[in-house]
Amino acid sequence: MSSVTKTDVVIVGAGLTGLTAAKTLAENNVNVIVLEAKDRVGGRLYTVKPSSSPYADLGGQYLGPFDNHTMELCKKLGVEIYTPPPVRNHLALYTEGTTTPYKHNFPIWNPIIKMDLINFFRELKLSSSRVSANAPWDTSESERWDTMTVKQWLDEICWTKTVKQIAAKLVKVTFCAEPEDISLLYLLWFRKMIGILFFDNFVCVPPTLEIEGARIVGGAQKICDKISENINVILKSPVQQINYMQDSVTVTTDNGEVFEAEHVICAVSLPMVHHITFSPTLPSGLSEAAKRIPMGLSIKTITYYHNAFWIDKGFSGNCLVVGEDEFVDVIVDDTKPDGSSPALACFFSAENVTKVMKLSKIERERMICGLYAKIFKAEEAKKPLEYIECNWVSESYINGGFAFYCPTGVITNCVRHLKQSYGPIHFAASDTLSLLGSVAIEIAVNAGLTVARKILYAKGKVDEDVDVGVIQPDTFAPPPLTWQEKYVPSVGNLVKGVVKFGIVASCVGAVVYSKVYKKL
């Protein structure tokens, strides 16, 4: 029998959420041990050192303009942040073998398709504004939206194949899943909370040229590395079982190590909670959510070159790839802020991951470089310095993309019950806000701050209403409608208007004919 190591709090998972919680507790004189299954900290923040660059982020890397708590955390840790300048060269849309560069107007010249695209964003904004941030299941339309898939919704509101493809692409890149697998309510809730779909600034009318968010000098994993320097983190310690009694909790690892604590934080995603044995068993809502919320599928690749040939060709390197036959979803410039290490990054998502996994790494490299050559009209794209990739599906103890998602029925039947008490065991992912945490660095930070605050309050170290960094979702004002979204009609309304006008004109013509021409 292994000896038992005692501490105040055991945290399962050394990703950004777990380490943020550990740092917050340690600063308040709470003894913490963090158990991490992998041989590194960071979770989905994964920085490597390729031969062609001082560092590369194969996981999350972008910070948004409102990521205040992450910015403050970086400042305290001495981690440098840089913001790329606005894109000066052309964005690109690649579809059906054709590259269309653009700056100020998304390159759709067909007025019917443009009206359809405007209507998609209008419906997305208006519908998501009616979703409650803290209780998405608690609106008059929640039940209907949670029984409808995103694909069914797109089929209902979009008239053109092009707009359906563009909307589906944005959904796939955001959730690493196909539209037919995702609850419409989850999409609307995400849009309410985060304010965007990933890369929707490529296609908004007009698009924004501030495509890339702030980044971490040295790589995003540096945040976790810095925190772990002052925290007791035990690597290669996957948790097998968690038992709680009246006064304490015991945590047992696959290595046979046993830890005893007053509180335990499970700082892993809900799908990974399902791989841990709990005694007593989990509350029904939490257990069901862990079973029914899957990870998306994602592969991120980075290709390094001698020079940024796309800049020489007048492109920014940022391109949305649309089409049924293209496996790549989106391409972004990943060159370092000083212009060194020219690189392009691209993403495979959802079913495209399953397709390209049948290829070897060399075959994927050739396919991607060949696509770059076609998009940017540059044969030098076929001669990279180095190609690296991370297949998140095959990453042990992560087993999926950078996002998970809710299928139909999960939010109204499972998520609403995640607040069920489970003694001294706290689930970072059970907070409604942190259900979105795997897709945003700021929300991962706030999930850690939130769960740490609960323990500090339980231990009498903070007052109940002391805010240690918790974000308040309902304070986010939904982005206003653009003038196009306010005044440009949908294709459906236009058709109805034309039909009504035709009927009225026919009736007027019939009356005029009967009263005038018959007398002649």
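Our subject is the structure listed above.
Notes on the structure follow. (Residues numbered from 1 in each chain as written. Predicted model: local features only at pLDDT ≥ 70, side-chain atom pairs only at ≥ 80, totals over all residues. Heavy atoms only, no water.)

## Topic: the sheet that holds strand β17 (residues 343-349)
Logical step 1: The sheet built from seven strands is open, its strands ordered β7-β6-β15-β16-β17-β14-β18 with mixed pairing. The open sheet has two free edges, formed respectively by β7 (98-102) and β18 (386-391), since each of these has just one partner strand. Across the sheet, the mean angle from the axis of one strand to that of its neighbour is 20°, orientation sign disregarded.
Logical step 2: Both strand β16 (residues 330-333) and β17 contribute to a ladder of four bridges, which runs antiparallel. Bridge pairing links Val332 to Ala345 in β17.
Logical step 3: Packed on one face of the sheet, helix α6 (residues 161-175) meets β15 (315-322), β16 and β17 and runs near 105° to β15.
Logical step 4: The strands touched by helix α13 (residues 361-376) are β6 (90-95), β7, β14 (298-304), β15, β16, β17 and β18; relative to β17, the strand with the most contacts, the crossing angle is about 115°. (Pairing = 2+ DSSP bridges. Helix = DSSP H or I, 4+ residues; strand = E, 2+ residues; numbered from the N terminus. Axes fitted to C-alpha atoms, helices over the stretch in contact; angles between N-to-C directions. Contact = heavy atoms within 4.5 Å.)

## Re the layout of surface pockets
Logical step 1: As a volume, the second largest pocket reaches approximately 500 Å³.
Logical step 2: In terms of residue count, the dominant contributor to the lining of the second largest pocket is α6 (six residues).
Logical step 3: Residue composition of the lining of the second largest pocket, grouped by class: four nonpolar, three polar and 12 charged. (1 Å grid on protein atoms, 1.4 Å probe; cavity = no way out; pocket = protein on both sides within 12 Å on 5 of 7 lines; lining within 4 Å. Points joined across faces, edges and corners; volume = space filled by probe spheres on them. Nonpolar A, V, L, I, M, F, W, Y, C, P; charged D, E, K, R; others polar.)

## Points about empty space enclosed by the protein
Regions of empty space are outlined by a rolling probe, equal in size to a water molecule, passed over the atoms.
Logical step 1: One pass over the structure, following the stated rule, counts one cavity of 30 Å³ or more.
Logical step 2: Approximately 60 Å³ is the volume found for the largest cavity.
Logical step 3: Lining the largest cavity, in full, are Tyr55, Asp57, Gln61, Tyr82, Arg215, Ile216, Asp334 and Lys336.
Logical step 4: Looking at the lining of the largest cavity residue by residue, the class counts come to three nonpolar, one polar and four charged.

## Observations regarding the nonpolar core
Logical step 1: Core analysis: the biggest nonpolar cluster contains 73 residues, and Phe120, Trp153, Ile242, Phe278 and Phe427 have the highest contact counts within it.
Logical step 2: Residue contributions to this core peak at eight residues, all from helix α7 (residues 184-194).
Logical step 3: Apart from the residues within four sequence positions on either side, Ile242 is in contact with Val12, Val249, Thr250, Val251, Val264, Cys266, Ile276, Thr277, Phe278, Ser279 and Ile425.
Logical step 4: Counting residues in each nonpolar core, the second largest holds 36 residues, with Val41, Leu45, Leu63 and Cys74 among its members. (Core = buried A, V, L, I, M, F, W, Y, C linked by side-chain atoms within 4.5 Å. Buried < 20%, exposed > 50% of the residue type's maximum accessible area, 1.4 Å probe, protein only.)

## Here's the deal with the packing of helix α1 (residues 16-27) against helix α15 (residues 441-458)
Logical step 1: Between α1 and α15, the shortest axis-to-axis distance is 7 Å and the interhelical angle comes to 40°. As far as their axial angle goes, α15 and α1 are oblique. By crossing handedness, the relation of α1 to α15 is classed as right-handed. Two secondary-structure elements touch here, α1 through Leu16, Thr17, Thr20, Ala21, Thr24 and Leu25 and α15 through Ile441, Ala444, Val445, Ala447, Gly448, Leu449, Val451, Ala452, Ile455 and Leu456.
Logical step 2: When grouped by side-chain class, the residues that make up the contact of α1 with α15 number 12 nonpolar, four polar and no charged. (Parallel < 35°, antiparallel > 145°, perpendicular 65-115°, else oblique. Left-handed = near helix turned anticlockwise from the far one by under 90°.)

## What about the pattern of salt bridges?
Logical step 1: On inspection of all chains with the given rule, the structure shows 12 salt bridges.
Logical step 2: Its salt-bridge partner being Glu141, residue Arg130 comes within 2.8 Å of it at the nearest N-O pair. Taken together, the positions of Arg130 in the loop between α3 (111-129) and α4 (142-146) and Glu141 in the loop between α3 and α4 put the pair 11 residues apart, joining distant regions of the chain.
Logical step 3: Exposure remark for Arg130: the relative accessible area of 42% places this residue in the partly exposed category.
Logical step 4: The structure contains a network of salt bridges with shared partners spanning Arg130, Glu141 and Arg144. (Salt bridge = Lys/Arg side-chain N within 4 Å of Asp/Glu carboxyl O.)

## Some thoughts on the packing of aromatic side chains
Logical step 1: A full pass over the atoms with the stated rule returns 15 aromatic pairs.
Logical step 2: Note on Phe278 and Phe427: the rings are 5.7 Å apart at their centroids and 55° apart in plane angle, and the pair reads as tilted. With a gap of 149 residues between them, Phe278 in strand β13 (residues 277-279) and Phe427 in strand β19 (residues 425-427) connect regions that are remote in the sequence. Phe427 carries the same exposure label as Phe278, and that label is buried.
Logical step 3: The rings of Phe175, Tyr186, Trp189 and Phe190 are connected pair by pair, giving a single aromatic cluster.
Logical step 4: Stacked on the ring of Tyr55, the Lys or Arg Lys336 has its end atom at 4.6 Å from the ring centre. (Phe/Tyr/Trp six-rings, centres within 6.5 Å; stacked < 30°, edge-to-face > 60°. Lys NZ or Arg CZ within 6 Å of the ring centre and 35° of its normal.)

## What about the pairing of strand β11 (residues 249-253)?
Logical step 1: With five of its five residues buried, β11 lies for the most part within the structure.
Logical step 2: Side-chain alternation along β11 places Val249, Val251 and Thr253 on one buried face and Thr250 and Thr252 on a second face that is also buried.
Logical step 3: Where strand β10 (residues 239-244) and β11 come together, five bridges link them in antiparallel fashion. Looking across to β11, one finds that Val239 is bridged to Thr253.
Logical step 4: Once β10 ends, the chain turns through four residues before running back antiparallel as β11.

## Focus on the environment of Thr408
Logical step 1: Within the secondary structure layout, Thr408 lies in the loop between β18 and α14 (410-413).
Logical step 2: The spacing of Thr408 and Thr147 is 261 residues in sequence and 5.2 Å in space, taken between C-alpha atoms.
Logical step 3: Ignoring sequence-local partners within four residues, the contact set of Thr408 consists of Asp146, Thr147, Met148, Thr149, Ser183 and Arg292.

This is a description of form; function is not addressed.
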